[in-house]
Amino acid sequence: MSISVTYTAVLDVKRSTAEHVARLLRNHRVAAGTRKGRRALGCFRQAVLVLRWFVDGTRLSQLARDNGLSASTSYRYLHEGLAVLAAGAPDLSTALERAKAAGLTHLNLDGTVIRTDRVAAPGPNGADLWWSGKHKHHGGNVQVIATPDGWPIWVSPVRPDTTCARHHGLIDALNRIAAELDMPTLVDLGYENAGDGFRHPHKKPAGGELTEAQQTYNKVIRGIHGICERANSLLKTTFKALRRVSLDPSRITKIAAAALVLLPIERDRTI
């Protein structure tokens, strides 16, 4: 006969974070006209369920068992929490307005691949849609705009390729803010020829060498832009859910947006 073992666990988030998520869920239920007593979990317990998945990467089967829920109900509660949180993430224009108001000297832009357990899915050209040749695993690409010190202020919708920046209006928007405010965006060579608003290292010419001035420029640009990797690291180290996603890759859009909303609440910081 098998005997289950129970134990006490501590979720490593501030209580105020859980209460904030619970308030968002309560407001959502009120707006949807959900009657009292019609849910298996109250708003606070649902908030804890969502945060356990986000922060600790707890499996849905475990969350269902711990809360006496069916697997389908647990998935529904999780996706509802993701949608409620993601709704509070700034769109691109709002994020750039905040950067403008903060008087930032420049922005950083970098992409990150969120690993997924997605099985092969054929794309338009027959290639595996969500396979990352560079990283040798399945994943979705998300673009992250960060402040000069590497604080993330915007995340893009996910795409299954590495051309994210050219699919979200980013190029035009960042070129425009650079022209208007002299606020360039630092990037790597993947954004070569994106426009005058971007600053990236010089590419070594075929069969030639970079000048001393170009080499110095590259060291400066790479050193400053390297700080932006902190933005992706902050998101992934704070939220285990972003290290490996077992849901449909398209869900990464809401997961990343929800993480962007939770991070400043948990870290007590804004732009």
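You'll find the structure just up there.
Residue numbers here run from 1 along each chain, matching the order of that chain's written sequence. Where totals are concerned, whole chains, interfaces and linings use all residues; where local detail is concerned, this predicted model gives features only for residues with pLDDT of at least 70, and gives and counts side-chain atom pairs only at 80 or more. Calculation of side-chain values draws on the structure's entire complement of heavy atoms; hydrogens and water are dropped beforehand.

When you go through the protein chain residue by residue, the secondary structure sums to nine helices and seven strands. With the C-alpha coordinates aligned to their principal axes, the bounding extent of the protein chain is approximately 75 × 45 × 35 Å. Looking at the protein chain residue by residue over its 271 residues, the buried ones come to 44%. Sequence-distant contacts, at least 24 apart, represent 65% of the contacts inside the protein chain between residues at least 6 apart. Positive and negative side-chain charges of the protein chain, numbering 37 and 24 respectively, have mean locations separated by a distance of 10 Å. The secondary structure listing takes helices from DSSP runs of H or I that are at least 4 residues long and strands from runs of E that are at least 2 residues long, numbered from the N terminus. Exposure classes here rest on a 1.4 Å probe applied to the protein chains alone. A residue is buried below 20% of its type maximum, exposed above 50%, and partly exposed in between. Contact between two residues is taken to exist if any of their heavy atoms lie within 4.5 Å; hydrogens are not considered. When charges are counted, Lys and Arg are positive and Asp and Glu negative, with His and the chain ends excluded. To locate a charge, take NZ of a lysine, CZ of an arginine, CG of an aspartate or CD of a glutamate.

Another aspect to go through is the side chain of Asp 110. Along the chain, the position of Asp 110 falls in strand E1 (residues 107-116). Among the residues examined, Asp 110 registers a relative accessible area of 12% and is labelled buried. For Asp 110, the contacting residues outside a window of four places in its chain are Val 142, Gln 143, Val 144, Asp 188, Tyr 191, His 225, Cys 228, Glu 229 and Asn 232.

This next bit is on the layout of surface pockets. Quantified by volume, the second largest pocket comes out at close to 400 Å³. Taken together, 15 residues make up the lining of the second largest pocket; nearest its centre are Tyr 7, Ala 9, Arg 52, Gln 62 and Asp 66. The set of elements that each furnish at least two residues to the lining of the second largest pocket consists of helix H2 (43-56) and helix H3 (60-67). When residues are sorted by character, Ala, Val, Leu, Ile, Met, Phe, Trp, Tyr, Cys and Pro go into the nonpolar class, Asp, Glu, Lys and Arg into the charged class, and all the rest, Gly among them, into the polar class. Its residues assigned to classes, the lining of the second largest pocket comprises six nonpolar, five polar and four charged. Only protein atoms enter the calculation, which uses a 1 Å grid: trapped sets of points that fit a 1.4 Å probe without letting it out are cavities, open sets showing protein on both sides within 12 Å along at least five of seven lines are pockets, and any residue with an atom within 4 Å of a point is a lining residue. Grid points are joined across faces, edges and corners, and a volume is the space filled by probe spheres set on the points.

When a carboxyl oxygen of Asp or Glu is within 4 Å of a side-chain nitrogen of Lys or Arg, the pair counts as a salt bridge. Scanning the model with the defined rule gives eight salt bridges in all. For the salt bridge of Arg 39 with Glu 80, the shortest nitrogen-to-oxygen distance reads 2.7 Å. Of this pair, Arg 39 sits in the loop between helix H1 (15-32) and H2 while Glu 80 is found in helix H4 (residues 71-86), placing the two residues 41 residues apart along the sequence. Here Arg 39 falls in the partly exposed class, since its relative accessible area comes to 25%.

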